[in-house]
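Residue-level structure breakdown
For reference, the chains in residue letters:
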Amino acid sequence: MSNVFLNGVWLPIEKATVSVLDRGFIFGDGVYEVIPVYHRRPYRMKPHLLRLQHSLNGIRIKNPYSDNEWVDLINKLISLQNFDDQSIYFQITRGVAPRAHNFPKDEVSPTVFMMSSPLKRSTKQQVEQGIRVVSAQDERWLHCNYKTISLLGNILASQYACDNDAMEVVQFRNGFLTEASSSNVIIVQNGELVIPQKNHLILHGITMEVITEIAQQEGIAVRYEDIPESAVRKADEILITSSTKEVLAATMLDDQPVGQGVPGPVFKRLYTALQKDIFPANE
Ligand code: PDD
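Reference entry: report on the structure contained in this document. In every chain, residue numbers begin from 1 and rise along the written sequence. Only residues with pLDDT of 70 or above have their local features reported here, since the model is predicted, and side-chain atom pairs are shown and tallied only from 80 upward, although totals for entire chains, interfaces and linings are computed over all residues. Values shown for side chains rest on all heavy atoms present in the structure; no hydrogens or waters enter the calculation.

**Details of helix H2 (residues 45–59)**
Three- or four-residue spacings in an α-helix give side chains the same orientation, since the helix completes a turn every 3.6 residues. In a regular helix each residue adds 1.5 Å, so 15 residues correspond to 21 Å; H2 covers 21 Å between its end C-alpha atoms and thus fits that length. Working definition: with a 1.4 Å probe on protein chains only, accessible area under 20% of the residue-type maximum means buried, over 50% means exposed, and in between means partly exposed. Every helix listed is a DSSP run of H or I at least four residues long, and every strand listed is a run of E at least two residues long, numbered separately from the N terminus. Of all the residues in H2, the buried ones are Met 45, His 48, Leu 49, Arg 51, Leu 52, Ser 55, Leu 56 and Ile 59. Seen along its axis, H2 keeps its buried residues to an arc of 160°; they face one direction. Should any heavy atoms of two residues lie within 4.5 Å, those residues are considered in contact. On its buried face, H2 sits against strand S3 (30–38), strand S4 (41–42), helix H3 (67–79), strand S5 (86–93) and helix H6 (206–217). Phi turns positive, to about 60°, at Arg 60, one or two residues after H2. Between the first and last residue of a helix there are one fewer steps than residues, each counted as 1.5 Å, and that sum is the expected span. In this description, the arc belongs to the directions extending from the helix axis to the C-beta atoms.

Rendered as structure tokens:
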């Protein structure tokens, strides 16, 4: 029985209930974050809180807590679980109000929900052999830089990957790479990382940011540019990043091998360096 947080109260998940008039339930009107926790230590918590603020600003919900209050809540949530590696999920919705598309006229308290689940890290096989991905048109809305709980486009894309025995979907909009259904996509060209421009068409992933930091430390060049579909199909390597997947190599794209069809040298260097960043004590 895990302990969750709902509107200021800690309680077992079975007891946590929200009104059917919650705008999260009715409209998907809210934002969320996912923070990985290793050995009970949240990894890169600050940038997640910064992105949360960016998402809240984007949909005009006032942040119910200061960063210090969020840090305390996250640490308490971690301490209440009986497992060490965790995936912290928290969401804020616009709150409960009679159903109307526009914002409620009277001030409404946002609904705040937080839970922790055991962090399911990538398997040895996924790391060593890479994963299969399929391509699709990006049919989502135009504010993908906000981490909103309205995820229908991402869900349909993720299911498309499942239906095709793939772990992720590599999406293109107007012929250019955007991202995956719940991860970012980076390509490797001649030993350099090429990343889609950080604009409204993709979520600015914290893991992608860590990977760019690590790449620079490793002397691997990083460029941000619009990446045409043809460049993705010819890439030497394709990397998939997220807080829960860390970094994985996509080795098959639409049943065609990516590069040599095995995780490449740039992936291996970045994967190893990322493990050192996550577990600094092991150095
Ligand atoms: N997803 N792009 C999308 C659409 C995502 O949903 C995510 C993360 C990312 C990677 O961002 P980050 O590196 O900050 O986790 C990119 C989380 C893990 C989720 O929805 O569960």
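Moving on from the model shown.
**Quick notes on the environment of Ser 183**
In this fold, Ser 183 is placed in the loop between strand S9 (176–177) and strand S10 (184–189). Note: C-alpha distance between Ser 183 and Ile 88 (95 residues apart in sequence) is 16 Å. Those residues in contact with Ser 183 that lie beyond four places of it in its chain are Glu 168, Ile 240, Thr 241, Ser 242 and Lys 245.

**Some points on the layout of surface pockets**
The method works on a 1 Å grid over the protein atoms by themselves. A cavity is a set of points holding a 1.4 Å probe that cannot get out, a pocket is an open set with protein on both sides within 12 Å along at least five of seven lines, and residues with an atom within 4 Å of a point line them. Grid points are joined across faces, edges and corners, and a volume is the space filled by probe spheres set on the points. The volume enclosed by the largest pocket comes to roughly 640 Å³. Together, 32 residues line the largest pocket, and Tyr 32, Lys 147, Asn 154, Ser 181 and Ser 182 are the ones closest to its centre. Elements with a contribution of two residues or more to the lining of the largest pocket: S3, H2, helix H5 (152–163), H6 and strand S13 (237–242). The leading source of residues in the lining of the largest pocket is H5, at 5 residues. Each residue is assigned to one class: nonpolar for Ala, Val, Leu, Ile, Met, Phe, Trp, Tyr, Cys and Pro, charged for Asp, Glu, Lys and Arg, and polar for all the others, Gly among them. In terms of residue class, the lining of the largest pocket is built from 11 nonpolar, 17 polar and 4 charged. Considered as a void within the structure, the second largest pocket measures approximately 340 Å³ in volume. Along its surface, the second largest pocket is lined by 14 residues, and Ser 87, Pro 118, Leu 119, Lys 120 and Thr 244 are the ones closest to its centre. Within the residue set of the lining of the second largest pocket, elements represented by two or more residues are S5 and strand S6 (111–118). Broken down by element, the residue count for the lining of the second largest pocket peaks at 3 residues, all from S6.

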